[in-house]
Amino acid sequence: IELARRTVAPGGTSVVVGLTGLNRFFCAMKQARINKYLRDKGLASRREADKLVEDGLIFVNKKRATMGMLVSEADDVIVKGHRKEYQYLVYNKPRGLSTQDFTGKPSVMAEWKKKGLYPIGRLDKESEGLLILTNDGRLAREILSENLKYEKEYIVGVKENLRAGIPAIFESGMQTKSLGKLLPAKAKIINPTTLRVILNEGQRHQIRIMLNDLHYTVSSLKRVRIGKIRLGDLKPGQTRVLKKVCL
(Lines give C-alpha, C1' and ligand atoms only; values in the text may rest on other atoms or scores of the structure.)
Protein backbone atom coordinates (compact mmCIF):
# COMPACT_ATOMS: atom_id res chain seq x y z
CA ILE A 1 0.00 0.00 0.00
CA GLU A 2 1.65 3.23 -1.04
CA LEU A 3 0.47 6.30 0.86
CA ALA A 4 2.24 8.94 -1.20
CA ARG A 5 4.72 8.98 -4.06
CA ARG A 6 7.75 11.08 -3.17
CA THR A 7 11.29 11.32 -4.54
CA VAL A 8 14.37 11.46 -2.35
CA ALA A 9 17.27 13.51 -3.60
CA PRO A 10 20.93 12.53 -3.07
CA GLY A 11 21.95 13.07 0.52
CA GLY A 12 18.48 12.18 1.84
CA THR A 13 16.77 15.54 1.27
CA SER A 14 13.01 15.04 0.77
CA VAL A 15 11.58 16.58 -2.38
CA VAL A 16 7.84 16.69 -3.05
CA VAL A 17 7.13 16.49 -6.77
CA GLY A 18 5.00 19.34 -8.10
CA LEU A 19 5.14 21.55 -4.99
CA THR A 20 6.80 24.94 -4.61
CA GLY A 21 9.70 25.43 -2.24
CA LEU A 22 7.39 27.14 0.25
CA ASN A 23 4.94 24.21 0.21
CA ARG A 24 7.82 21.79 0.71
CA PHE A 25 8.86 23.77 3.75
CA PHE A 26 5.39 23.63 5.34
CA CYS A 27 5.03 19.89 4.58
CA ALA A 28 8.30 19.21 6.36
CA MET A 29 7.26 21.35 9.32
CA LYS A 30 4.00 19.44 9.92
CA GLN A 31 5.51 16.31 11.40
CA ALA A 32 3.74 13.57 13.36
CA ARG A 33 4.78 10.33 14.97
CA ILE A 34 4.59 7.42 12.55
CA ASN A 35 1.71 5.73 14.40
CA LYS A 36 -0.39 8.92 14.35
CA TYR A 37 0.46 9.49 10.68
CA LEU A 38 -0.79 6.01 9.71
CA ARG A 39 -3.89 6.40 11.88
CA ASP A 40 -4.76 9.73 10.25
CA LYS A 41 -4.36 8.12 6.83
CA GLY A 42 -6.97 5.54 7.88
CA LEU A 43 -4.65 2.55 7.57
CA ALA A 44 -4.31 1.45 11.19
CA SER A 45 -4.98 2.41 14.77
CA ARG A 46 -1.97 3.70 16.72
CA ARG A 47 -1.57 0.33 18.43
CA GLU A 48 -1.76 -1.49 15.09
CA ALA A 49 0.73 0.94 13.55
CA ASP A 50 3.20 0.28 16.38
CA LYS A 51 2.92 -3.45 15.66
CA LEU A 52 3.54 -2.86 11.94
CA VAL A 53 6.67 -0.85 12.80
CA GLU A 54 7.79 -3.54 15.24
CA ASP A 55 7.33 -6.20 12.53
CA GLY A 56 9.45 -4.20 10.07
CA LEU A 57 6.62 -3.57 7.60
CA ILE A 58 6.82 0.23 7.47
CA PHE A 59 9.42 2.00 5.32
CA VAL A 60 10.16 5.73 5.29
CA ASN A 61 12.27 7.04 2.42
CA LYS A 62 13.25 3.42 1.63
CA LYS A 63 14.53 2.80 5.17
CA ARG A 64 12.82 0.67 7.79
CA ALA A 65 10.81 2.84 10.19
CA THR A 66 11.62 2.98 13.88
CA MET A 67 9.19 3.26 16.79
CA GLY A 68 8.11 6.84 17.48
CA MET A 69 9.92 8.39 14.51
CA LEU A 70 8.54 11.63 13.06
CA VAL A 71 7.29 11.81 9.48
CA SER A 72 5.53 14.37 7.30
CA GLU A 73 3.81 14.61 3.92
CA ALA A 74 7.27 15.26 2.45
CA ASP A 75 8.32 11.69 3.27
CA ASP A 76 7.81 8.57 1.16
CA VAL A 77 5.92 6.24 3.54
CA ILE A 78 5.17 2.68 2.42
CA VAL A 79 3.35 -0.12 4.24
CA LYS A 80 4.24 -3.64 3.12
CA GLY A 81 2.34 -6.86 3.74
CA HIS A 82 -1.36 -7.72 3.90
CA ARG A 83 -4.08 -5.63 5.41
CA LYS A 84 -5.43 -6.77 8.75
CA GLU A 85 -8.68 -8.74 8.73
CA TYR A 86 -11.15 -6.63 10.66
CA GLN A 87 -14.05 -8.04 12.66
CA TYR A 88 -17.25 -6.34 13.81
CA LEU A 89 -19.85 -7.71 16.22
CA VAL A 90 -23.07 -6.27 17.60
CA TYR A 91 -23.26 -7.20 21.29
CA ASN A 92 -26.09 -6.84 23.80
CA LYS A 93 -24.36 -5.99 27.07
CA PRO A 94 -26.30 -7.39 30.03
CA ARG A 95 -27.21 -5.16 32.95
CA GLY A 96 -24.85 -5.69 35.89
CA LEU A 97 -21.76 -6.35 33.73
CA SER A 98 -19.01 -3.71 33.58
CA THR A 99 -17.62 -2.66 30.21
CA GLN A 100 -14.14 -1.80 31.44
CA ASP A 101 -11.54 -4.32 32.57
CA PHE A 102 -11.28 -4.36 36.36
CA THR A 103 -8.73 -6.87 37.66
CA GLY A 104 -10.34 -10.07 38.85
CA LYS A 105 -13.89 -9.01 37.97
CA PRO A 106 -16.06 -10.04 35.01
CA SER A 107 -16.32 -7.40 32.29
CA VAL A 108 -16.93 -7.05 28.55
CA MET A 109 -13.28 -6.12 28.06
CA ALA A 110 -11.96 -9.10 30.01
CA GLU A 111 -14.18 -11.53 28.09
CA TRP A 112 -13.48 -10.28 24.56
CA LYS A 113 -9.90 -9.05 24.60
CA LYS A 114 -8.78 -12.70 24.63
CA LYS A 115 -10.33 -12.90 21.14
CA GLY A 116 -8.67 -9.67 20.05
CA LEU A 117 -11.90 -7.64 20.13
CA TYR A 118 -12.63 -4.51 22.14
CA PRO A 119 -15.83 -2.54 22.84
CA ILE A 120 -16.24 0.88 21.25
CA GLY A 121 -17.09 3.27 24.06
CA ARG A 122 -18.82 1.91 27.11
CA LEU A 123 -22.04 1.48 28.99
CA ASP A 124 -21.94 1.76 32.76
CA LYS A 125 -22.51 -1.35 34.85
CA GLU A 126 -26.23 -0.71 35.46
CA SER A 127 -26.95 0.12 31.81
CA GLU A 128 -27.55 -2.42 29.06
CA GLY A 129 -27.83 -2.75 25.33
CA LEU A 130 -25.80 -2.14 22.20
CA LEU A 131 -22.02 -2.25 22.12
CA ILE A 132 -19.92 -2.73 18.98
CA LEU A 133 -16.99 -5.14 19.45
CA THR A 134 -14.14 -4.80 16.97
CA ASN A 135 -10.40 -4.88 16.33
CA ASP A 136 -10.69 -1.79 14.10
CA GLY A 137 -9.30 1.14 16.06
CA ARG A 138 -10.07 3.55 13.21
CA LEU A 139 -13.80 2.86 13.49
CA ALA A 140 -13.65 3.37 17.26
CA ARG A 141 -12.17 6.82 16.78
CA GLU A 142 -14.87 7.77 14.28
CA ILE A 143 -17.82 6.53 16.36
CA LEU A 144 -16.56 8.16 19.56
CA SER A 145 -16.38 11.55 17.83
CA GLU A 146 -19.36 13.89 17.63
CA ASN A 147 -20.06 12.71 14.07
CA LEU A 148 -23.79 13.05 13.36
CA LYS A 149 -23.54 9.82 11.37
CA TYR A 150 -23.14 7.91 14.64
CA GLU A 151 -25.81 9.34 16.93
CA LYS A 152 -26.67 7.09 19.89
CA GLU A 153 -30.26 6.21 20.82
CA TYR A 154 -31.40 5.12 24.29
CA ILE A 155 -34.63 4.03 25.97
CA VAL A 156 -34.65 5.37 29.52
CA GLY A 157 -37.03 4.50 32.37
CA VAL A 158 -37.49 6.74 35.41
CA LYS A 159 -39.40 6.28 38.67
CA GLU A 160 -41.21 9.61 38.56
CA ASN A 161 -43.72 10.85 35.97
CA LEU A 162 -42.06 12.86 33.21
CA ARG A 163 -43.03 16.48 32.71
CA ALA A 164 -44.11 17.49 29.20
CA GLY A 165 -41.34 20.10 28.96
CA ILE A 166 -38.43 17.61 29.33
CA PRO A 167 -37.83 17.14 25.55
CA ALA A 168 -37.55 20.91 25.05
CA ILE A 169 -34.93 21.13 27.84
CA PHE A 170 -32.85 18.37 26.21
CA GLU A 171 -33.18 19.89 22.75
CA SER A 172 -32.05 23.35 23.88
CA GLY A 173 -28.62 22.07 25.00
CA MET A 174 -28.94 21.48 28.72
CA GLN A 175 -26.73 23.16 31.31
CA THR A 176 -25.65 20.57 33.90
CA LYS A 177 -23.90 20.94 37.25
CA SER A 178 -21.03 18.53 36.56
CA LEU A 179 -20.74 18.40 32.75
CA GLY A 180 -21.45 22.04 31.94
CA LYS A 181 -23.26 23.01 28.75
CA LEU A 182 -24.18 20.01 26.59
CA LEU A 183 -24.92 19.71 22.90
CA PRO A 184 -28.62 19.67 21.95
CA ALA A 185 -30.15 16.19 22.29
CA LYS A 186 -33.36 14.78 20.86
CA ALA A 187 -35.92 13.42 23.31
CA LYS A 188 -39.44 12.01 23.11
CA ILE A 189 -41.73 10.86 25.91
CA ILE A 190 -42.97 7.33 25.13
CA ASN A 191 -45.13 6.94 28.23
CA PRO A 192 -45.33 8.69 31.64
CA THR A 193 -42.11 7.06 32.89
CA THR A 194 -40.21 6.23 29.67
CA LEU A 195 -38.12 8.52 27.49
CA ARG A 196 -36.39 8.02 24.13
CA VAL A 197 -33.11 10.00 24.01
CA ILE A 198 -30.76 10.52 21.04
CA LEU A 199 -27.27 11.92 21.69
CA ASN A 200 -24.52 13.17 19.39
CA GLU A 201 -21.98 13.13 22.20
CA GLY A 202 -21.27 10.56 24.85
CA GLN A 203 -19.96 12.01 28.08
CA ARG A 204 -19.63 9.72 31.07
CA HIS A 205 -23.02 9.05 32.71
CA GLN A 206 -24.49 11.85 30.61
CA ILE A 207 -28.15 10.80 30.56
CA ARG A 208 -28.14 9.87 34.24
CA ILE A 209 -26.62 13.26 35.12
CA MET A 210 -29.11 15.17 32.95
CA LEU A 211 -32.10 13.45 34.52
CA ASN A 212 -30.69 13.65 38.03
CA ASP A 213 -30.29 17.41 37.63
CA LEU A 214 -33.98 17.51 36.68
CA HIS A 215 -34.85 15.51 39.84
CA TYR A 216 -35.57 12.15 38.16
CA THR A 217 -34.37 8.72 39.28
CA VAL A 218 -33.25 6.47 36.43
CA SER A 219 -34.58 2.93 36.82
CA SER A 220 -33.35 1.52 33.50
CA LEU A 221 -31.16 2.65 30.62
CA LYS A 222 -30.76 0.73 27.37
CA ARG A 223 -28.86 1.71 24.22
CA VAL A 224 -30.75 0.48 21.17
CA ARG A 225 -28.95 2.14 18.25
CA ILE A 226 -25.63 3.59 17.09
CA GLY A 227 -26.00 5.31 13.72
CA LYS A 228 -27.61 2.78 11.36
CA ILE A 229 -26.79 -0.15 13.65
CA ARG A 230 -29.72 -1.39 15.75
CA LEU A 231 -29.73 -3.80 18.67
CA GLY A 232 -32.74 -5.61 17.25
CA ASP A 233 -33.95 -8.72 19.05
CA LEU A 234 -30.59 -9.80 20.49
CA LYS A 235 -30.91 -11.19 24.01
CA PRO A 236 -28.49 -10.08 26.77
CA GLY A 237 -25.05 -11.58 26.16
CA GLN A 238 -25.75 -12.48 22.52
CA THR A 239 -23.84 -11.21 19.47
CA ARG A 240 -24.32 -11.04 15.71
CA VAL A 241 -21.78 -10.46 12.97
CA LEU A 242 -21.82 -7.02 11.40
CA LYS A 243 -20.48 -6.30 7.91
CA LYS A 244 -18.38 -3.16 7.45
CA VAL A 245 -20.74 -2.00 4.69
CA CYS A 246 -23.49 -1.71 7.32
CA LEU A 247 -21.48 0.87 9.25
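This text goes with the structure placed above it.
Cut-offs and rules
Residues numbered from 1 in each chain as written. Predicted model: local features only at pLDDT ≥ 70, side-chain atom pairs only at ≥ 80, totals over all residues. Heavy atoms only, no water. Helix = DSSP H or I, 4+ residues; strand = E, 2+ residues; numbered from the N terminus. Buried < 20%, exposed > 50% of the residue type's maximum accessible area, 1.4 Å probe, protein only. Contact = heavy atoms within 4.5 Å. Areas by Shrake-Rupley, 256 points an atom, 1.4 Å probe, with all protein chains shown as cover. Lys, Arg positive; Asp, Glu negative; His and termini not counted. Salt bridge = Lys/Arg side-chain N within 4 Å of Asp/Glu carboxyl O. Core = buried A, V, L, I, M, F, W, Y, C linked by side-chain atoms within 4.5 Å.

Draft legend 1. Spotlight on the overall build of the protein chain. Across its full length, the protein chain holds seven helices and 18 strands. Counting every position in the protein chain, which comprises 247 residues, the buried fraction comes to 44%. For the protein chain, the proportion of contacts with a sequence separation of at least 24, taken over those separated by at least 6, is 64%. Within the structure as shown, the protein chain displays about 13900 Å² of accessible surface, and the carbon and sulfur contribution to it stands at 53%.

Draft legend 2. Quick look at the side chain of K93. Summarising the element assignment, K93 is placed in strand β8 (residues 88-93). Within the buried set, K93 has no salt-bridge partner at all; the shortest N-O distance to an opposite charge, 6.3 Å, is to D124.

Draft legend 3. Molecular detail of unusual backbone geometry. In this structure, K62 is a non-glycine residue whose phi angle is positive, near 70 degrees. With respect to the element layout, K62 can be found in the loop between β4 (58-60) and β5 (63-64). Accessibility expressed as a relative area gives 73% for K62, which makes it exposed. Positive phi outside glycine occurs at H205, with the angle close to 55 degrees. Structurally, H205 is set in the loop between β15 (194-199) and α7 (206-213).

Draft legend 4. Quick peek at the environment of I166. Note that I166 resides in helix α6 (residues 166-171). The buried category is assigned to I166, whose relative accessible area is 0%. As for I166 and A187, which are separated by 21 residues in sequence, their C-alpha atoms are 7.8 Å apart. The residues contacting I166, other than those within four sequence positions of it, are L195, L214 and Y216.

Draft legend 5. Quick look at α7. Most of α7 sits out of view: six of its eight residues are buried. Every buried residue of α7 is accounted for by Q206, I207, I209, M210, L211 and D213. Trailing α7 by a residue or two, H215 shows a phi angle of about 70 degrees, which is positive.

Draft legend 6. Focus on the pattern of salt bridges. Following the criterion strictly, the structure yields seven salt bridges and no others. A salt bridge links E153 to R196; the shortest N-O distance between them is 2.6 Å. Taken together, the residues E153 in strand β11 (residues 152-158) and R196 in strand β15 connect sequence positions 43 residues apart. Under the relative-accessibility criterion, E153 is labelled buried at 6%. Residue classification places R196 among the partly exposed residues on the basis of a relative accessible area of 30%.

Draft legend 7. Expanded view of the nonpolar core. Of all hydrophobic cores here, the largest spans 29 residues; its most connected members are V156, F170, L195, I207 and L211. Of all elements in the fold, only β8, α4 (108-112), β10 (128-134), β11, α6, β15, α7 and β16 (218-226) reach the threshold of two or more residues within this core.

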